[in-house]
Amino acid sequence: MSWHGQQDTVNPYPGSADLRWGYAVPVAAQSWARLNGCRSGPQATAVTAHVTRLTYTDCRQGADVVLYRISNGAHVWPGVTEPGTEIDASRILWDFVSRFRLPPVRG
């Protein structure tokens, strides 16, 4: 699960020469999808006028890869530090991770 603003100047969406984040954001999502064994995607779904969800599915152990592309977004946490991004990243992240449960610890 990630979101990335296309106006991000810290980690530019199309990539940069910076060795910490030199590759483009779609390449990062594709890499995670490959590592997770996803067999479908990316499926693009418009969420709002400025947000598109790109989803890779049919992944090993249900480990789908989801990228929220924010056309008017910068390097911020959507919905809290930049209310105009039209989505609430905290809620979206919680909805995503709460689907998964760890097995009980046996001691």
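Fair warning: this is a prediction, and the values are worked out from it, not measured in the lab. (Residues numbered from 1 in each chain as written. Predicted model: local features only at pLDDT ≥ 70, side-chain atom pairs only at ≥ 80, totals over all residues. Heavy atoms only, no water.)

Chemist: Just checking my understanding: could you explain the state of the cysteines for this structure?
Modeler: In protein structure, a disulfide is the covalent linkage between the sulfur atoms of two cysteines. Enumeration over the complete set of coordinates arrives at one disulfide. Across the disulfide from C38 sits C59; the S-S distance is 2.0 Å. Its S-S torsion of approximately 105° makes the covalent link between C38 and C59 right-handed. Note that C38 is positioned in the loop between α1 (25-35) and β2 (40-46) and C59 in the loop between β3 (51-57) and β4 (65-70), a separation of 21 residues in sequence. In this pair, the class of C38 matches that of C59, namely buried. (Disulfide = S-S within 2.5 Å. Helix = DSSP H or I, 4+ residues; strand = E, 2+ residues; numbered from the N terminus. Buried < 20%, exposed > 50% of the residue type's maximum accessible area, 1.4 Å probe, protein only.)

Chemist: Is there a simple way to think about helix α2 (residues 89-97) in this case?
Modeler: Side chains of residues three or four places apart in an α-helix project in the same direction, reflecting 3.6 residues per turn. When we look at burial in α2, the residues that qualify are A89, I92 and F96. Buried positions in α2, seen along its axis, are confined to an arc of 65° and lie on one side of it. Two or three places before S90, at the opening of α2, D88 has a side-chain oxygen 3.1 Å from that residue's backbone nitrogen. (Arc of directions from axis to C-beta. Polar contact = N/O pair within 3.5 Å; in protein donor to acceptor, adjacent residues only side chain to side chain.)

Chemist: Help me out: how do you make sense of α1 in this one?
Modeler: Every buried residue of α1 is accounted for by V25, A28, A29 and A33. With its buried residues spanning 135° around the axis, α1 presents them on a single face. Residues of α1 that are buried make contact with β1 (2-5), β3 and β4. Trailing α1 by a residue or two, G37 shows a phi angle of about 70°, which is positive. (Contact = heavy atoms within 4.5 Å.)

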